[in-house]
Amino acid sequence: MINASQVTTRSSHAMTRQEKRNRAVNAAIEDICAIMESGASVENLGQAKARLIALAACQDLFTFEDFPLPEDDAMENSYLLHEYDDGSYSLYVNSGAPHQYYAPHDHGDAWAVIAGVQGRERHQLYVRRSEDDPGDGPLIWKGEFVVAQGEAVTMQPDGIHEVNAMDGQPLLHLHLYAKNFVLQGDRWKYDLEKGVAEPFLLDELGSVFDAR
Ligand SMILES: [Fe+2]
């Protein structure tokens, strides 16, 4: 039983921005989870991309006020918005400084969807020459995509991308991975000029904050 005063209190409770954001995030992840259940196919990733673009369209929920840029000369701050208990479906807000640049790198065997909220980010996509040897240096260039508001890019589990902020402006984008950074395990980055691969170390990332 609840009395009238409790009803009044409950109905007048305005959701905070964080509550609104969590609700929108959870709804999007549930949809994407259902889409991806049958595997990381191009078609499924295409549908997941459309759903993440729809989430990224809620611009009032994803602001530099709530997800500040690094205060030092770091390239980015990452804010965890969602992951399941097993570390899957991890969604981050990435606030990137204007000088953000990452040489070509993989995400272990995790697929990824990256959708823009503010700023433009250039993604050069590559695949390895050899499917069996992730440490095989030379890469095959597959294309260039610009992630901005209303746009997103997807990566297959064997995908590799090179990323840079554009226009001398900061970035605020949503990054969804099949699993979180820790579980992505052994990762590689690639030196295009030398044609060699090196391990990508977790501490090369900026700070990661829990914003759930
Ligand atoms: Fe990446």
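Residues numbered from 1 in each chain as written. Predicted model: local features only at pLDDT ≥ 70, side-chain atom pairs only at ≥ 80, totals over all residues. Heavy atoms only, no water.

*Asks:* Which residues make up the side chain of T63, and what values do they have?
*Replies:* Along the chain, the position of T63 falls in the loop between α3 (42-56) and β1 (76-82). Not counting residues within four places of it along the chain, the set of residues in contact with T63 comprises Q118 and L172. (Helix = DSSP H or I, 4+ residues; strand = E, 2+ residues; numbered from the N terminus. Contact = heavy atoms within 4.5 Å.)

*Asks:* For the pattern of salt bridges, give the residues involved together with the corresponding values.
*Replies:* A side chain with one charge can pair with a side chain of the opposite charge if their charged atoms come near. Scanning the entire structure with this criterion turns up 10 salt bridges. D167 is the partner of R120 in a salt bridge, and the nearest nitrogen-oxygen pair spans 2.9 Å. Here D167 lies in the loop between β8 (160-165) and β9 (171-179) and R120 lies in the loop between β4 (112-118) and β5 (121-128), a separation of 47 residues in the sequence. On the basis of relative accessible area, R120 is assigned to the partly exposed category, the value being 35%. Taking the relative accessible area as the measure of exposure, D167 reaches 48% and is therefore partly exposed. The partner of R122 in a salt bridge is E144, and the shortest N-O contact between them spans 3.4 Å. Of this pair, R122 sits in strand β5 while E144 sits in strand β6 (residues 139-147), placing them 22 residues apart in sequence. Within the structure, one salt-bridge network assembled from shared partners comprises R17, R21, E65 and D66. (Salt bridge = Lys/Arg side-chain N within 4 Å of Asp/Glu carboxyl O. Buried < 20%, exposed > 50% of the residue type's maximum accessible area, 1.4 Å probe, protein only.)

*Asks:* A description of the coordination of the iron ion should follow, citing residues and the corresponding values.
*Replies:* Bound to the iron ion on the protein side are H105 (NE2), H107 (NE2) and H161 (NE2), at distances that span 2.0 to 2.1 Å. Judged by relative accessible area, which is 4%, H105 ranks as buried. (Donors = N, O, S within 2.8 Å, 3.2 Å for Na, K, Ca; no water.)

*Asks:* I'd like to hear about the nonpolar core, residue by residue, with values.
*Replies:* Judged by nonpolar contacts, the single largest core of 31 residues is most densely connected at L52, L55, F62, L91 and L174. Within the residue set of this core, elements represented by two or more residues are α2 (17-36), α3, β1, β2 (88-96), β4 and β9. Broken down by element, the residue count for this core peaks at seven residues, all from α2. With near-sequence residues (within four places) excluded, L91 lies in contact with V25, I29, L52, L55, Y79, L80, L81, H82, L174, H175 and L176. (Core = buried A, V, L, I, M, F, W, Y, C linked by side-chain atoms within 4.5 Å.)

*Asks:* Which residues make up the packing of aromatic side chains, and what values go with them?
*Replies:* As enumerated under the stated definition, the model contains seven aromatic pairs in all. Ring geometry for Y79 versus F209: centroids 5.2 Å apart, planes at 20°, classification stacked. Remark: F209 occurs in strand β12 (residues 207-210) and Y79 occurs in strand β1; sequence separation between them is 130 residues. The exposure class assigned to Y79 is buried, which follows from its relative accessible area of 7%. Summarising the aromatic geometry, the rings of Y84 and Y89 are spaced 5.8 Å apart at their centres and angled 75° between planes, so their arrangement reads as edge-to-face. An aromatic cluster is present here, built from F67, Y79 and F209 joined pairwise through their rings. (Phe/Tyr/Trp six-rings, centres within 6.5 Å; stacked < 30°, edge-to-face > 60°.)

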